[in-house]
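Reading the structure
Spelled out from the first residue to the last, the chains are:
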Amino acid sequence: MKRSLIGLAAVLCFSAMAADVGPEVYAAAAKYTFGQSRKDIATIEEEIRNAKSDAYKPIEEKLIAAIKSADATPDAKRYLLRLLGIVASPKAVPALAECLKDQNTCHAARIALEPLPFPEAGAALRDALGQTKGNLLIGIVSSVGARRDAAAVSALKKLAEDADATVASASIFALGEVGTEEAAQVLNDLSGKVPPVLQRAVLRAQITCANELAKAGKGDKAATIYQALMDAKNPKAQRIAALKGVLGAMDREKAAKFIAEQLQGEDEGMRTATLAAYCASTDKALRDALAEKLPELKPAAQLALLGVLSEMPEVAARKGVLKVLQDSKDAQIRAAALDCLAVHGTGEDAGMLVKMAAASDDEGKIAKKVIERMRGAGVNEALTKMFEGADQASRAVILGAFAARRAESALPMLVKLMNGTDAATALEATKAIETLGTAAEVAPLAGVIASTSDENLRKAAESAAAAICTRVTDKEPCSKALVPALEQAKSTAGKMAILRLLPRVRSEAALGAIRLATQAKEAEVSEAAIRALTEWPELNAAPHLLELAKTTQNQTHAVLALRGCIRLAGLKDKPLPDRVSIYKGVLEAAKRADEKKQVIAGLGEVPAMEALELLQKCAADKELGDDAIRAMARVAKQAGPVFGDKGAKVLEELKATPGLSAELSKAIDEAIKATKNAGMADGYMVAWMLSGPYAKEGEDHTKLFDTVFPPEVKGGGAWRPYVVPPETKGPRVIPLDKIFGGNNCVAYMRAEIESEIPQEILLELGSDDGAKVWLDDKVVGGSNATRAMTEGSDKIKLKLEKGAHTLLVKITQGGGEWQAVLRLRSASGKGEAAGVSVRPK
């Protein structure tokens, strides 16, 4: 509190000092030259800032005295004149006017005079017009124009005819800024007298003058100028500027008529400019007024205006468009009018358009597309209402429109039509349901599949059900609809169709129904069930497929079952042990070398020790040995640090295989080298277990930062190894975008750090986007960021006891690149961490 009072006292003291600046300070300031201290001038500036306007008079007097003093330098005058312009009254004008005559102070003086609101300032500038020359005169002229000084018109007129083109041009421009009727007349007179080099300056000034007249409420006068400037002999830029001006100066009816005339003129440039000005106008009433005139325009103008109206839904154009469509025989114009109705049409126009679309001609095709795109009110309701009384061709148009318009409100009617007696209508309705349908429509579709004898309708219903089951996220309602339908199906074809659909719903009930159907008496149904089982997308089908492969007497079915297992085992997002287990089961059940070789090829893509061990057994088989050895080499190169000494031992034993070719021996050597690859290189962590990607509907990457996914729970998540290629130089970046892909998701990286001693080390982390870090299940750092990756942007201290520690890292992804780089450093960050080793875990 004491400190605050002292500060307040200091401020008050300073303000008092600043408010009582003596004449000696002003006298000292008058002697200032460039490069010296500005202390005295700054003190005067502070006095002005702290003074109220009613206290300006003494400051003004001191400034005038300083400026007039014999000791005043040009540098000081320029500063003091600027300050005088702030506090000036009419009393200051003579001092300012005197400085207009000196080339050292003229600019500062006129800048001070220009904004002053009293007539004396204007008179001083006008007087200076006859007392200055060259650049000084040009500056004075510009100030007179900026003040819009009507009393200066006659002087500016004289200067506009000056032999110096620069002076003349500045004076012409100033006349435009004055913007009075008198100035406009002077400019009009000049347009025929000035040399060609100044003609464009006159045109620009006339535009400026007309703008000022329009602002002053003299729209008729301004419009007259604008229209004269639109003469074809004038440059295009001035004509376009005049066009924009005239639209703002005229009343709406005249402006709309004027635009219509320009659109129908012979000058293509002006037609284009007119259309652009119309589109840029913010006057809705003007735009509506021109749209009403659409039917009155010439064909070319109609076509041009229809083109822009199709992009202007806010304009009331429907009436004019319908009139053109009614009257015109020109195919191109009619097509443009139809296209316009997609934006401006309403439910009232649906009947006409459906009737047109039902025809098979080109215009009918356009009308069909228009119905599908119409944005107006009541279109879906109108289509539904007219359906009952429509002929067959119109019904087809309406049903297609429902699908294209995604009119979900029509679904109840479409389901009813699908179950109706009219085969053609039922088929079209079913096709529409395929686009619009939800899980609720799967039950009626399943009913049709199970009961219909119409092959085309059944296929359409199957296609619709397949599309719906694929796109819905909650598949349980689909399962509840399809499983009972399998039992109810009357025909073999119906049962087969439902069996083909069941893999899309993934439920246990659907899997059970497929298994039961594999025992069906009808051979076609049984085979369809077996094929459905082989297409099942989850690993829980594998035991049943293996059982089938072992027990069936049908060799084709056995091969199908094993290939289904191989497909499931090849799913890279599934847990590695489960995949190896399936491959092992196939090897045990397979009787043909083809399937065994497929298994070996698949195992070569499974970076797990179990895969390496299983391949080791296959290497003893003469028929499969070479393929197995190559596959082992591939596995070791992918995940060498994961296997470590255990993997190296397996490969060393393999190398002792008699009769090993040079090619295979080299592959094994490279694999052994990979197993000895450390989990670190130059301090970078290069060997990881990865899990992901994980996402949650409706959450972006910043929210996912704190969302808990399975890898954050002990024993959770499906993991796979990743090792940065040993030949990589520089930062060892983990390219998560290439490994996982996706947007608004996260992935996890896990490794084990073992320390030889208790110590503190530094983890330098760079990530795109954010990162969260755990050490032994405790969050130790991170950033919920949206950023490009910069090496070492996060520095996190890790306190290690002697022994092994688990490091878990979560990397978020918004979009674009997705990557991370991690490096272990000493606690000071000046060298690599000593006494630590890393391996995936």
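The numbering scheme is per chain: residues are counted from 1 as the chain's sequence reads. Local features are withheld for residues below a pLDDT of 70 in this predicted model, meaning they are given only at 70 or higher, and side-chain atom pairs are given and counted only at 80 or more; totals for whole chains, interfaces and linings count all residues. Based on all heavy atoms of the structure, the side-chain values leave hydrogens and waters out of the count.

**Some remarks on the overall build of the protein chain**
Operational definition: By definition, any uninterrupted DSSP run of H or I lasting at least four residues is a helix, any uninterrupted run of E lasting at least two residues is a strand, and each is numbered from the N terminus. Between the two quantities, the radius of gyration covers C-alpha atoms and the globule rule is 2.2 Å times the number of residues to the power 0.38. For the accessible areas, the method is Shrake-Rupley and the probe is 1.4 Å, while residue cover comes only from the protein chains on display. Working convention for charge: Lys and Arg count positive, Asp and Glu count negative, and His plus the chain ends are omitted. We put the charge of a Lys on NZ, of an Arg on CZ, of an Asp on CG and of a Glu on CD.
Broken down by element type, the protein chain carries 42 helices and 12 strands. For 841 residues, the compact-globule estimate of 2.2 N^0.38 gives 28 Å, and the protein chain exceeds it by more than 25% at 43 Å. For the C-alpha atoms alone, the extent of the protein chain along its principal axes is close to 115 × 85 × 60 Å. Summed over all atoms, the accessible surface of the protein chain reaches about 40,100 Å², with 52% contributed by carbon and sulfur. Taken as two groups, the 113 positive and 109 negative side-chain charges of the protein chain have centres that lie 1 Å from each other.

**Concerning the packing of helix α26 (residues 411-418) against helix α27 (residues 423-436)**
Any two packed helices are characterised by how steeply their axes cross, that is the angle between the axes, and by the distance between the axes. This is how it is decided: As a rule, the C-alpha atoms of each element are fitted with a line to give its axis, helices using only the stretch in contact, and angles between N-to-C directions run from 0 to 180 degrees. Roughly parallel means an angle under 35 degrees; roughly antiparallel, over 145; roughly perpendicular, 65 to 115; everything else is oblique. By definition, turning the near helix anticlockwise from the far helix through less than a right angle yields a left-handed crossing, and turning it clockwise yields a right-handed one. The contact criterion used is simple: two residues touch if any of their non-hydrogen atoms lie within 4.5 Å. Gly falls in the polar group here, along with every residue not listed as nonpolar (Ala, Val, Leu, Ile, Met, Phe, Trp, Tyr, Cys, Pro) or charged (Asp, Glu, Lys, Arg).
Closest axis-to-axis distance for the α26/α27 pair is 8 Å, and the angle between their directions is 140 degrees. Here α26 lies oblique to α27, going by the angle between them. Note on packing geometry: the crossing formed by α26 with α27 is left-handed. When α26 is examined against α27, the residues Leu411, Leu414, Val415, Leu417 and Met418 are found in contact with a partner set consisting of Thr425, Ala426, Ala429, Thr430, Ala432, Ile433 and Leu436. Partitioned by chemical class, the residues of the contact of α26 with α27 number 10 nonpolar, two polar and no charged.

**A look at the pairing of strand β3 (residues 687-694)**
Looking down a regular strand, the side chains alternate between one sheet face and the other. How we decide: Think of it in three bands: residues with accessible area under 20% of the maximum for their type are buried, residues over 50% are exposed, and the middle band is partly exposed, with areas taken using a 1.4 Å probe on protein chains only. Strands were regarded as paired on the criterion that DSSP finds at least two bridges between them.
In terms of residue burial, β3 counts as a mostly covered element, since six of its eight residues are buried. When β3 meets strand β4 (residues 720-723), the two strands line up antiparallel, connected through four bridges. For Trp688, the partnering residue across the bridge sits in β4 and is Tyr722. Direction of pairing for β3 relative to strand β5 (residues 745-755): antiparallel, over a ladder of four bridges.

**Regarding the packing of aromatic side chains**
What counts is decided by this rule: Planes of paired rings set the category: under 30 degrees apart is stacked, over 60 is edge-to-face and the rest tilted, where pairs are Phe, Tyr or Trp rings (Trp by its six-membered ring) whose centres lie within 6.5 Å. Criterion for a charge above a ring: Lys NZ or Arg CZ within 6 Å of the ring centre, and within 35 degrees of the ring normal.
Under the criterion given, the structure shown has four aromatic pairs. Plain terms: the ring middles of Tyr694 and Tyr748 are 5.8 Å apart, the flat faces sit at 75 degrees to each other, and that makes the pair edge-to-face. Residue Tyr694 is located in strand β3, and its partner Tyr748 is located in strand β5; the two are separated by 54 residues in the primary sequence. Comparing Tyr694 with Tyr748, the two get one shared label, buried. Joined through ring pairs, the aromatic side chains of Tyr694, Phe709 and Tyr748 make up one cluster. In this structure, Arg750 packs its charged tip against the face of Trp719, placed 4.0 Å from the ring centre. Taking NZ or CZ as reference, Lys772 lies 4.7 Å from the ring centre of Phe705, over its face.

**Some words on the nonpolar core**
Where we set the bar: Nonpolar cores were defined as sets of buried Ala, Val, Leu, Ile, Met, Phe, Trp, Tyr and Cys residues, with membership established by side-chain atoms within 4.5 Å.
If you look at the biggest cluster of nonpolar residues, it comprises 246 residues, and the most contacted ones within it are Ile172, Tyr278, Phe402, Leu414 and Leu502. When residues in this core are grouped by element, the largest group, 12 residues, is from helix α39 (residues 625-655). If we ignore the near neighbours within four places in the chain, the residues touching Phe402 are Asn380, Leu383, Thr384, Ala407, Ala410, Met413, Leu414 and Leu436. Met685, Phe740, Leu800 and Val809 belong to the second-largest nonpolar core, a separate cluster that totals 36 residues.

**Regarding unusual backbone geometry**
A negative phi angle is the norm for most residues apart from glycine, just as the trans form is the norm for most peptide bonds. The amide bond that connects Gly692 to the next residue, Pro693, takes the cis arrangement and shows omega of -5 degrees. Following the sequence through the fold, Pro693 ends up in strand β3. Residue Asp769 is bonded to the preceding Asp768 through a cis peptide linkage, with omega at 10 degrees. By the element assignment, Asp769 lies in the loop between β6 (759-768) and β7 (771-775). Positive phi values are uncommon outside glycine, yet Asp682 reaches one of about 55 degrees. As for its position among the elements, Asp682 is in the loop between β1 (680-681) and β2 (684-685).

**Some thoughts on the environment of Pro119**
Mapped onto the elements of the fold, Pro119 is located in helix α8 (residues 119-129). The exposure class of Pro119 is exposed, given its relative accessible area of 62%. Taking the C-alpha atoms as reference, Pro119 lies 8.5 Å from Pro90; in sequence the two are 29 residues apart.

**Some thoughts on the environment of Trp774**
Examined against the element boundaries, Trp774 turns out to sit in strand β7. Spatially, the C-alpha atoms of Trp774 and Thr806 are 8.1 Å apart, while their sequence positions differ by 32 residues. Those residues in contact with Trp774, other than ones at most four positions away along the chain, are Glu712, Tyr748, Val779, Val780, Thr806, Leu807, Leu808 and Lys810.

**Some points on the pairing of β6**
Counted residue by residue, β6 has nine buried out of 10 residues, so it is predominantly covered. As defined by bridge partners, β6 adjoins strand β9 (residues 794-800) across seven bridges and the pair is classed as antiparallel. Across the sheet, residue Leu762 finds its bridge partner in β9, namely Lys797. As paired elements, β6 and strand β11 (residues 819-826) share eight bridges and run antiparallel to each other. The partner of Leu762 across the bridge, within β11, is Arg825.

**Some remarks on the packing of helix α36 (residues 576-589) against helix α37 (residues 593-603)**
Look at α36 against α37: their axes get within 9 Å of each other, and the N-to-C directions meet at 160 degrees. In terms of orientation, α36 lies roughly antiparallel with respect to α37. The chirality of how α36 crosses α37 is left-handed. On the side of α36, the interface is formed by Tyr583, Val586 and Leu587, while α37 contributes Lys596, Val599, Gly602 and Leu603. Here the residues of the contact of α36 with α37 are counted per class, giving five nonpolar, one polar and one charged.

**Regarding the pattern of salt bridges**
Our working rule: Each reported salt bridge corresponds to a side-chain nitrogen of Lys or Arg within 4 Å of a carboxyl oxygen of Asp or Glu.
Scanning the entire structure with this criterion turns up 44 salt bridges. Linking Glu538 and Arg506 is a salt bridge whose minimum nitrogen-to-oxygen distance equals 2.9 Å. Linking Glu538 in the loop between α33 (523-534) and α34 (542-551) with Arg506 in the loop between α31 (492-501) and α32 (508-517), this pair joins segments that are 32 residues apart in sequence. For Glu538, a relative accessible area of 22% gives the class partly exposed. You can call Arg506 partly exposed: its relative accessible area is 44%. Taking the shortest distance from any N to any O, the salt bridge between Arg839 and Glu752 comes out at 3.1 Å. You can see Arg839 sitting in strand β12 (residues 836-840) and its partner Glu752 sitting in strand β5, a full 87 residues away along the chain. Judged by relative accessible area, Arg839 falls into the partly exposed class, the value being 42%. Within this structure, Arg563, Arg592, Asp594 and Glu595 form a network of salt bridges that share partners.

**A look at the confidence of the model for the protein chain**
Convention followed: As a per-residue quantity, pLDDT reports the predictor's confidence and falls between 0 and 100.
When pLDDT is averaged across the protein chain, the result is 88; 97% of the residues are at 70 or more. Put simply, helix α1 (residues 2-18) is where the protein chain has its lowest mean pLDDT, 38, and β7 is where it has its highest, 97. Scored below 50 in pLDDT, residues 1-19 makes five contacts in the model with residues more than four places away or belonging to other chains.

**Some remarks on the side chain of Arg110**
Looking at the element boundaries, Arg110 is found in helix α7 (residues 106-113). Excluding anything up to four places from it in sequence, Arg110 contacts Leu100, Leu125, Gly139, Ile140, Ser142 and Ser143.

**Observations regarding the environment of Cys279**
Position of Cys279 among the secondary structure elements: in helix α17 (residues 268-280). Its relative accessible area of 33% is what places Cys279 among the partly exposed residues. Spatially, the C-alpha atom of Cys279 lies 77 Å from that of Val650, the residues being 371 residues apart in sequence. Setting aside anything within four residues of it in sequence, one finds Cys279 in contact with Arg287, Val308 and Met312.

**Thoughts on helix α10 (residues 153-160)**
For clarity, the cut-off: Working definition: the arc comes from the directions between the helix axis and the C-beta atoms, pointing outward to the latter.
Those residues of α10 lying buried are Val153, Leu156, Leu159 and Ala160. For α10, the angular spread of buried residues about the axis comes to 125 degrees, placing them on one side. What points out from α10, more than 90 degrees from its buried face, is the exposed set Ser154 and Lys158. Those residues of α10 that are buried are in contact with α8, α9 (134-146), α11 (165-178) and α12 (181-190).

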